Amino acid sequence: MSGLLQPPAEPDVPQPVERVEHLGMTTGYLGATASAAVAVASRATPAAWRLLLRGPAFWVGAAILLFWVVCAIFGHLFAPYSPLAQNLLLPSAAPSGAHWFGTDPLGRDVLSRVITGSRDILIITPLATILGTILGTILGLAMGYFGGTFDLIAGRIVEAFLALPIVIIAFLFIVALGPSTGTLITVIGLVFTPLIARTVRSAAQVERQQDYVAASRLFGESPVRVMFGEILPNVMPAILVEFTVRLGYAIFTIATLSFLGFGITPPTPDWGADIYANYINLLPGYWWQTLFPALAIASLVIAVILIADSIEQVLAS
Amino acid sequence: MATFLLRRLGLMVITLWILSLIVFFAGQILPGDPARATLGNLAAPSAVKALDAELGVNRPLLTRYLSWIGGLLHGNLGTSYEFRTAVEPFVRAALINSIKLALLAFVIVVPLAIIGGVIAALYAGRGVDRIISVAGLALSTVPEFVSGVVLIVIFGVELKVLPVTASAGANASDFEQFRHLILPAIPLVLVLFGYIARMARAGTIEALNSDYTRTAILKGLPRRTVIRRHVLRNSLLPTITVIATQTGYLIGGLVVVETLFNYQGLGNLIFQAAVHKDFAMLEAGVLIIGVVYMLATLIADLLLTLLNPRLRLGGAE
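Rules of the game
- In this numbering scheme, every chain counts its residues from 1 along its sequence in written order.
- Both sets of labels track the order of writing: A upward for chains, 1 upward for ligands.
- Under the rules for a predicted model, residues below a pLDDT of 70 receive no local features and side-chain atom pairs below 80 are neither given nor counted, while totals for whole chains, interfaces and linings still include all residues.
- Only DSSP runs of H or I covering at least 4 residues are called helices, and only runs of E covering at least 2 are called strands; the numbering of each starts at the N terminus.
- Two residues form a contact once the distance between their C-beta atoms, set from the backbone, is within 7 Å.
- Each residue is classed by its C-beta neighbour count within 10 Å, where at least 20 other C-beta atoms makes it buried, 12 or fewer makes it exposed, and intermediate counts make it partly exposed; the C-beta atoms are placed from backbone geometry.
- Every helix has an expected span of 1.5 Å times one less than the residues it contains.
- Two axes are fitted around each residue, one to the seven residues ending there and one to the seven starting there, and the angle between them is reported as the bend at that residue.
- What pLDDT reports is the predictor's confidence in each residue, on a scale of 0 through 100.
- Helix axes are fitted only over the stretch in contact, all axes being lines through C-alpha atoms; the angle between N-to-C directions runs from 0 to 180 degrees.
- Working rule for angles: under 35 degrees goes down as roughly parallel, over 145 as roughly antiparallel, 65 to 115 as roughly perpendicular, anything else as oblique.
- Note: crossing handedness is left-handed where the near helix turns anticlockwise from the far helix by less than a right angle, and right-handed where it turns clockwise.
- Under this grouping Gly is polar, as are all residues other than the nonpolar Ala, Val, Leu, Ile, Met, Phe, Trp, Tyr, Cys and Pro and the charged Asp, Glu, Lys and Arg.
- One nonpolar core equals one set of buried Ala, Val, Leu, Ile, Met, Phe, Trp, Tyr and Cys residues connected by C-beta atoms within 7 Å.

Undergrad: Which parts of the structure should I look at to understand the overall build of chain A?
TA: What chain A contains, in helices and strands, is 13 helices and zero strands. Listing each helix as α and each strand as β along chain A from the N terminus yields α-α-α-α-α-α-α-α-α-α-α-α-α. Expressed as a percentage of contacts within chain A between residues at least 6 apart in sequence, the contacts between residues at least 24 apart total 73%.

Undergrad: Hey, could you run me through the overall build of chain B in this one?
TA: The secondary structure content of chain B amounts to 13 helices and zero strands. Reading chain B from its N terminus to its C terminus gives the helix and strand order α-α-α-α-α-α-α-α-α-α-α-α-α. Taken across its 317 residues, chain B has 46% of its residues classed as buried. Expressed as a percentage of contacts within chain B between residues at least 6 apart in sequence, the contacts between residues at least 24 apart total 70%.

Undergrad: Which parts of the structure should I look at to understand helix α12 (residues 271-278) of chain A?
TA: Each α-helix winds once per 3.6 residues, and so residues spaced three or four apart point in a common direction. With eight of eight residues buried, α12 of chain A lies mostly within the body of the structure. Looking at α12 of chain A, one finds that the buried residues are Trp271, Gly272, Ala273, Asp274, Ile275, Tyr276, Ala277 and Asn278 of chain A. Looking at the buried residues of α12 of chain A, the elements they touch are α5 (110-116), α6 (118-146), α11 (223-259) and α13 (288-316) of chain A together with α7 (144-158) of chain B.

Undergrad: Where do I start with α7 of chain B in this structure?
TA: All names here are of chain B. End to end, α7 covers 20 Å across 15 residues, agreeing with the expected 21 Å (1.5 Å per residue, within 8%). The largest bend in α7 is about 30°, located at Ile152. Every buried residue belonging to α7 is among Glu144, Phe145, Val146, Ser147, Gly148, Val149, Leu151 and Ile152, and all of these are buried. In the segment just after α7, Lys160 is the residue with positive phi, at about 55°.

Undergrad: What is the right way to read the confidence of the model for chain A from this model?
TA: Interpretation of the predicted coordinates at a detailed level should be avoided for regions scoring low in pLDDT. Model confidence for chain A is summarised by a mean pLDDT of 78, while 84% of its residues fall at 70 or above. Per-element confidence in chain A ranges from a low mean pLDDT of 34 for helix α1 (residues 17-23) of chain A to a high of 91 for α6 of chain A.

Undergrad: Help me understand the packing of α7 of chain B against helix α8 (residues 174-208) of chain B in this model?
TA: A pair of packed helices can be characterised by two numbers: the angle between their axes and the separation between those axes. Residues and elements named next belong to chain B. Two numbers describe how α7 lies on α8: the axes approach to 9 Å, and their chain directions differ by 135°. One element, α7, and the other, α8, form an angle in the oblique class. With respect to the hand of their crossing, α7 and α8 are arranged in right-handed fashion. Mapping the contact onto sequence places Glu144, Ser147, Gly148, Leu151, Ile152, Phe155 and Gly156 in α7 and Leu183, Ile186, Pro187, Leu188, Leu190 and Val191 in α8. Of the residues assigned to the contact of α7 with α8, the class counts are nine nonpolar, three polar and one charged.

Undergrad: How should I be thinking about the nonpolar core in this particular structure?
TA: Note on soluble globular proteins: their nonpolar side chains tend to be buried together. Counting residues in each nonpolar core, the largest one holds 170 residues, and the members touching the most others are Phe171 and Val301 of chain A together with Ile196 of chain B. In contact with Val301 of chain A, other than residues within four places in its own chain, are Gly248, Ile251 and Phe252 of chain A together with Ala138, Thr141 and Val142 of chain B.

Undergrad: Looking at this structure, I do not really get the environment of Phe161 of chain A. What am I missing?
TA: Residue and element names in this part refer to chain A. Mapped onto the elements of the fold, Phe161 is located in helix α7 (residues 148-162). Classification of Phe161 as buried rests on a count of 22 C-beta atoms within 10 Å. Remark: the alpha-carbon pair of Phe161 and Leu195, spanning 34 residues in sequence, is separated by 9.3 Å. Aside from chain neighbours lying at most four places away, what touches Phe161 is Ile169 and Pro194.

Undergrad: Is there a simple way to think about the packing of helix α4 (residues 56-78) of chain A against α6 of chain A in this case?
TA: All names here are of chain A. Between α4 and α6, the least distance of the axes is 8 Å, while the angle of their chain directions is 115°. The pairing of α4 with α6 is recorded here as roughly perpendicular in orientation. Note that α4 runs across α6; the crossing there is left-handed. On α6, the residues touching Trp68, Val69, Cys71, Ala72 and Gly75 of α4 are Ser118, Arg119 and Leu122. When its residues are assigned to classes, the contact of α4 with α6 shows five nonpolar, two polar and one charged.

Undergrad: What am I meant to see in unusual backbone geometry here?
TA: A negative phi angle is the norm for most residues apart from glycine, just as the trans form is the norm for most peptide bonds. One non-glycine residue, Asn262 of chain B, lies in the positive phi region at around 55°. Along the chain, the position of Asn262 of chain B falls in the loop between α10 (223-260) and α11 (266-275).

Undergrad: Looking at this structure, how should I read the environment of Arg201 of chain B?
TA: Residues and elements named next belong to chain B. Relative to the assigned elements, Arg201 resides in helix α8. Once the C-alpha coordinates of Arg201 and Ala138 are considered, the two residues, 63 residues apart in sequence, prove to be 16 Å apart. Among all residues touching Arg201, those that are not within four sequence positions of it are Gly117, Ala120, Ala121 and Ser133.

Undergrad: Whenever I open this one, the confidence of the model for chain B confuses me. Can you help?
TA: Residues and elements named next belong to chain B. Chain-level pLDDT for chain B is 79 on average; 85% of the residues reach the 70-or-more range. Helix α5 (residues 88-122) holds the highest mean pLDDT among the elements of chain B, 88, whereas helix α13 (residues 309-316) holds the lowest, 56. Scored as a complex, the prediction yields pTM 0.78 and ipTM 0.76.

In structure tokens:
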């Protein structure tokens, strides 16, 4: 949505797109949080955090997330089989007492692969999101603070990236760099940067009009100090909401890349890669090889979204 | 209005140019020699060299960019490395297939999501609202291949009521083709639903809190009339922009859905081109996506301007 990326309006020039800009503030590719985040900025008080602990949605989300974190760290200790152990006498066996989730075409235990498959995604997701949030915050603060030509140029580049589906940009870079955990973190961090920058930019633009910013500028503080010392603390709630929601979309992106074969490489257990390897077997009826990893991905993103939504509710209250 | 249009078109050209740079150079950093990839490992070095010369990939980068962009301006999308024929017929066929699938998804999701969002807004803060909002957000972060797998298991494998591949074959009737597209469209619908509903909800809440709604209520209009004539007319405008910006996402989703359901669309084309290192096809496909996305946002902005008198009059100055 290019209306968002217009330079700040000069007071004497009619700006027909200004209204569009306001209406379109929240539009864009998977970027649902901008207006909500801006609206809730600087309203939260420490006491409000206690509200978080009262919501059932938060506890459900936290419990599921904790379960997967335990699986990621200790999963190899309590998984019934080794996730890599093949049993060629028992290929594609249906769920039974010995193999609760059945086995895959190589006779590997699906339950064990689901349990241990949580590890890589849980390492990559937070690191990639943190990277994207830091870079996006710096870029967004600069765009919102300086405005003008810098904002216009950066805005064009951001929009050019937003015109492409994230998954496609990400796999272009991963094909170029070769899949590895480090590449995945970097690439997802980089493709999230423009999205987060856009949210931070609109929040920073609101703050820039405030008196405290003018005051600190009059004190002669450097732009960097004003941006990070004055504006940043005030847009933190917006960034926090953006961060938690992005965590959900990072899982979405990583799982999708794995599914397309650009993520975690076999034989390492991974939900997305396992679904890709076995979805052909859906037609003959071996549904357990894909359904259980699919449900695992769904439960993880839903957990993250429940937590993200609870935080947003607290900040908005 | 004319100034607005010119300005938007100008910005669009700049963004497209940046996009062409991104696409071209991202394509160039992909490792691997296209001639080697086409001819295979056993081909003689002289044959590889000859094909490199034929494809023009041994020329300097800048020369290649200029000849590529020059060709684009003349409507020539380039020559496929893999098939050694013009890219254009492939891209055209894939685009038409993708549009069919995307249209079906939009036709299902737009009314559903708007109704959902308006209901959520009318009961803002209550149970119905929380269910629609949280469920919508959660659904929009569950990857398409996850919901796709679940749908295939339920409707294709267990109930056997719907076909699990998207292509009905060349001689299939329109109805048969439509039946094959139902399952692939649903994952796209699920992801889009939460996003569009969220925007419709935000727009409706803003309209409900406005002065004109209060006036309408105070002058004694029935609630039903107020909502239909005053609230909905204003709240649905921003939703139009949102729907248009989702075309970018939609194509990313198409990569996954078209792979899972084995459908020859634009997403599948780009994915296959990346796997086979067919840069010419890849660049053309990605650029088409960018153009489609920008045209969609432009049309949405125009529509918004036409429907909203304040913007129309503002633009006439």
